[in-house]
Amino acid sequence: MAEALPLLLCCCYCSLLASFFTLSSSSRTLPISPGGTATLNVAASIEDTLDSISRHQTPPELQAADQLSIQNPSSSLTLQLFPRSSLPKSGRRHGDYRSLILSRLERDSARVNSLHARLDLALNGIKVSDLQPLNRDLEAEALEGPVVSGTSQGSGEYFTRVGVGQPPSQQYVVLDTGSDVSWLQCEPCADCYQQSDPVFRPSSSSSYSRLSCGTAQCKALDVSECRAGMCLYEVSYGDGSYTVGDFVRERITFGEGASVDGVAIGCGHNNEGLFVGAAGLLGLGGGKLSFPSQINSSSFSYCLVDRNSKAASTLEFNSPLPPDAVTAPLLRNRQLDTFYYVAMSGISVGGQMLSVPPSAFRMDESGNGGVIVDSGTAVSRLQTEVYSALRDAYLSGTQHLPPANGVALFDTCYNLASMSSVEVPTVALHFPEGRRMPLPAKNYMIPVDSSGTFCFGFAPTTSSLSIIGNVQQQGTRVAFDLANNLVAFSPNKC
């Protein structure tokens, strides 16, 4: 036994020494907490990209959209929501998925630049009307509905279907929490783009009436003009799209008959841009002219289906929050009431919190900074400091994955062509009082082609404003409790 003891001690020492060097060599690898990983189904994601490109112009689901019934709606005012790829006449078709993604990201960047510019103008006390006079030729209770995704147009937009006028004329409109004014194309058209349904004809509606210049609705417009005592409007977007026309009152009908009278909307006679397929836009922002504000809605919620999906989900007004929802304070910017800010406290990767100051997610007293939830932005934008910490932590936890070259605004990509599924660190958003929302892997590992290239689906911004985009919101019911100033996230509630 005495002779065996030195040998035993030597073996133990060697074992400890080996362990030390093993730990040292892996010290740059992200420590993953129990339950800190998520599974990405690579094969299914690639199949979705192929299906998105080969899909027929009009999927069967939408050919019968008017006959679709909503199962067990929690609100009497419910609309279906669809992805843009599902719309008839949704514009030019892309030959491959990479082309589609690049087009989508280009439009997304224009969208984000527009949101940042609007905030910058508001913070500097500059009105849009001071920069952009209207000079284009103009001659020529609870609600719920369906939501559709729009990857095929490269936009990331989602759509719902509403009835306008009396009798109701069914129209597809873009869902947008970053806009207040709702509008649609109207005859006579001085310049109208191609849409799925016949252009709305005001003369066929008994509920149509123009608004005079002295009305509160006309005075609330950012850009307006008065002609013959009647109100004209103009709305422009960051990608160069715009709409100009009469500002009117109309009846809006949802689903199987619930309707609201006297909603102020734009009746556009001169419209241009990238709204191909949709008739116009439903403004869901926080301003006075937004649809929720006009109907005095206490809340609204939507669930966005996957970006390549053919399915529909719902947009609901005045519906109760799910009991298992992850809630966070809803904040407002006194300088710009359109955006919905959410109080965030941090981000974790693999169960480990990022080492970034809380001020990186906070709006200051002047209105700078903060995080907004936006249905129209595709890829979430984070302040550069936050993004760098997030990316580096994610890279540390994905050293087992083969890297690939960056694509467009994505600088962290992987070649997963030879894999059917992979484990990746879980990315979770954190809110006050210890609340957290882990994201599914497919909401931050984004396919950018059909060959197996996936990219980390966040991007940096030099602006102080951060944005939670619709890619990260997919598959989650997002609710805005306007009465109690809460934002609620409910995974798998589509």
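Keep in mind that what you see is a predicted model, and the values were worked out from it rather than measured.

**Looking at the overall build of the protein**
- The number of helices and strands found in the protein is 9 helices and 31 strands.
- Carbon together with sulfur atoms contributes 52% to the accessible area of the protein, which is approximately 20300 Å² in total.

**Points about helix α2 (residues 42–54)**
- Taking 1.5 Å per residue, 13 residues should reach 18 Å; α2 reaches 19 Å between its end C-alpha atoms and fits that length.
- By the burial criterion, the buried members of α2 are Val42, Ser45, Ile46, Thr49 and Ser52. Mapping the buried residues of α2 onto a view down its axis gives an arc of 115°, with all of them on the same face.
- On its buried side, α2 packs onto β1 (37–40), α4 (97–123), β23 (422–425), β26 (445–447) and β27 (453–456).
- Taking the backbone nitrogen of Ala43 as reference, a side-chain oxygen 3.4 Å away marks Asn41 as the first, capping residue of α2.

**Considering helix α8 (residues 384–396)**
- A rise of 1.5 Å per residue sets the reference length of α8, with its 13 residues, at 18 Å; its end C-alpha atoms lie 18 Å apart and thus fit the reference within 8%.
- Within the span of α8, buried status applies to Val386, Tyr387, Leu390, Ala393, Tyr394 and Ser396.

**Points about the side chain of Ser182**
- Position of Ser182 relative to the elements: it lies in the loop between β5 (169–176) and β6 (183–185).
- The buried category is assigned to Ser182, whose relative accessible area is 5%.
- A polar contact of 2.9 Å, which involves the side chain of Ser182, links it to the backbone nitrogen of Gly283.
- Aside from chain neighbours lying at most four places away, what touches Ser182 is Ile265, Gly266, Leu281, Leu282, Gly283 and Phe291.

Conventions we followed
- One numbering rule holds for all chains: residues counted from 1, following each sequence as written.
- Totals for whole chains, interfaces and linings use every residue, but because this is a predicted model, local features are given only for residues with pLDDT of at least 70 and side-chain atom pairs only at 80 or more, for both listing and counting.
- Each side-chain value is worked out from all heavy atoms of the structure, with water and hydrogens disregarded.
- Numbering goes from the N terminus for both helices and strands, where a helix is a DSSP run of H or I of at least four residues and a strand is a run of E of at least two.
- Accessible surface is estimated by sampling points in the Shrake-Rupley manner with a 1.4 Å probe; for residues, cover comes only from the protein chains shown.
- Any helix carries an expected span of 1.5 Å times its number of residues minus one.
- Whether a residue is buried, partly exposed or exposed follows from its accessible area with a 1.4 Å probe, protein chains only, as a fraction of its type maximum: under 20%, in between, or over 50%, in that order.
- As used here, the arc is the angular range of directions from the helix axis to the C-beta atoms.
- In what follows, a contact means two residues having at least one pair of non-hydrogen atoms within 4.5 Å.
- Polar contacts, as counted here, are pairs of nitrogen or oxygen atoms within 3.5 Å of one another; within protein the pair requires one atom able to donate a hydrogen and one able to accept it, and residues that are adjacent in sequence qualify only if both atoms are side-chain atoms.

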